[in-house]
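What follows is the residue order along each chain.
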Amino acid sequence: MQARLPFVQPLLEAAEGHPKWPPSQNWRSEMFLRGLSMALVITALGSGIAQAQEAGEAGFYVRGYAGASTLSDANVTVGALKASGKYNGDLITGGAVGYDYEGPWRAEVEYTYRSSTFKAVPATFANAGDYASTAIMLNGLYSFGQFGVAKPYVGAGVGFTREVDFDLKNGAAAGSFSASGDFAFQGILGVDVPFADKWSGFGEVRLFTINNPTLKGNGKTLKADYQTVDLLVGITRRF
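Treat the numbers as computed from the prediction; the structure is a model and nothing was measured. (Residues numbered from 1 in each chain as written. Predicted model: local features only at pLDDT ≥ 70, side-chain atom pairs only at ≥ 80, totals over all residues. Heavy atoms only, no water.)

**Looking at the packing of aromatic side chains**
Put simply, the rule reads: Pairing of aromatic rings covers Phe, Tyr and Trp, the last counted by its six-membered ring, and requires centre-to-centre distances within 6.5 Å; plane angles under 30 degrees mean stacked, over 60 mean edge-to-face, and any other angle means tilted. Working definition: with a 1.4 Å probe on protein chains only, accessible area under 20% of the residue-type maximum means buried, over 50% means exposed, and in between means partly exposed. Definition used: whenever NZ (Lys) or CZ (Arg) falls within 6 Å of the ring centre and also within 35 degrees of the ring normal, the charge is taken to sit over that ring.
Applying the stated criterion across every chain yields a total of 12 aromatic pairs. Measuring from ring centre to ring centre gives 4.9 Å for Tyr99 and Tyr101, while their planes differ by 70 degrees; the resulting arrangement is edge-to-face. On the accessibility criterion, Tyr101 (43% relative accessible area) is partly exposed. Pairwise contacts between aromatic rings join Tyr87, Phe118, Tyr131, Phe166, Phe208 and Tyr226 into one cluster. For the cation-ring pair, Arg114 lies above Phe208, with the distance from its terminal atom to the ring centre recorded as 3.7 Å. It is Arg238 that lies over the ring of Tyr61; its NZ or CZ is 6.0 Å from the centre.

Given below as structure tokens:
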């Protein structure tokens, strides 16, 4: 039944193309255009669905999720030392409490942990590491009409980091570096599939960014961009 879910392909293409995202110079405009094009695909899908929107019942909900989070490759500097950072996908997990309004809109507060393993080039900089974050985000979500059993939605969120932590091991830059309170934002594309009364499963692709994090540790300053592509699944319980 792949023809019923035409919005899946753009999500897969976004995830596959992420190592080149964001570009070093005009990444904000590129990110906006990419997000806009995805939103237009979802909007076109929604316009092709029956115009009647299921009203549903207003009320609170909770949801939990887990999946894979991968950082975009970027340069890392510690003082005068510099290396090219290569990241492997690792864990994303979190939960949210929200309110589903009687209509297409939802609002929620989430708490999410992300991590990615790190490999430096050259290896003398550090031969292993981990770049992780925890963030509190306020999200707004818009659901389109039901498409078979699926309910696609799009959203955006803003918030701040409780902690950003970069651990580097066995090299000239080895040490533990951290920061907190940095501004963060994200885009969300997902699909919700009810499977029981008040229960549903969902899948999402997220593009998450921490704005210019600067980390401190060992009397030194570390700078490294933090932009991830997240693929996750979860369960929602409505009340």
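**Thoughts on a nonpolar patch on the surface**
The following threshold applies: In this scheme, patches are assembled from residues that exceed 30% relative accessible area and form no salt bridge. Like charges are connected within 9 Å, while nonpolar side chains (Val, Leu, Ile, Met, Phe, Trp, Tyr) are connected within 5 Å. Surface accessibility in these figures is a Shrake-Rupley result with a 1.4 Å probe; residues are shielded only by whichever protein chains are displayed. What makes a salt bridge here is a side-chain nitrogen of Lys or Arg within 4 Å of a carboxyl oxygen of Asp or Glu, nothing more. Strands here are runs of E lasting at least two residues and helices are runs of H or I lasting at least four, both read from the DSSP assignment and numbered beginning at the N terminus.
The grouping of Phe60, Val62, Val97 and Phe239 at the surface amounts to a nonpolar patch, some 400 Å² of accessible area in total. Note that Val62 resides in strand β1 (residues 59–71). The class of Val62 is partly exposed, set by a relative accessible area of 32%.

**Some points on unusual backbone geometry**
Apart from glycine, the bulk of residues carry a negative phi angle, and the bulk of peptide bonds sit in the trans form. Following Val121, the chain continues to Pro122 via a peptide bond in cis, the omega torsion being 10 degrees. Tracing the backbone shows Pro122 in the loop between β5 (105–121) and β6 (128–143). The backbone of Asn170 sits at a positive phi, close to 55 degrees, despite the residue not being glycine. With respect to the helices and strands, Asn170 occurs in the loop between β7 (151–169) and β8 (175–179). One non-glycine residue, Lys198, lies in positive phi territory at about 70 degrees. Note on placement: Lys198 falls in the loop between β9 (183–196) and β10 (199–210). According to the relative accessible area criterion, Lys198 is partly exposed, its value standing at 33%.

**As for the pattern of salt bridges**
Enumeration according to the criterion identifies seven salt bridges in this entry. Of the charged contacts, one joins Asp100 and Arg238 as a salt bridge, the two residues approaching to 3.6 Å between their closest N and O atoms. In this pair, Asp100 sits in strand β4 (residues 90–100) while Arg238 sits in strand β13 (residues 226–238), placing the two residues 138 residues apart along the sequence. We classify Asp100 as buried; its relative accessible area is 13%. Here Arg238 falls in the partly exposed class, since its relative accessible area comes to 22%. Here Glu204 makes a salt bridge to Arg206, at a shortest N to O gap of 2.7 Å.

**Things to note about the environment of Gly94**
Worth spelling out the cut-off: When checking whether two residues touch, look at their non-hydrogen atoms; a contact exists if any pair is within 4.5 Å.
In this structure, Gly94 sits in strand β4. Spatially, the C-alpha atom of Gly94 lies 5.6 Å from that of Tyr111, the residues being 17 residues apart in sequence. Setting aside its immediate chain neighbours within four residues, Gly94 contacts Arg63, Gly64, Tyr65, Tyr111 and Thr112.

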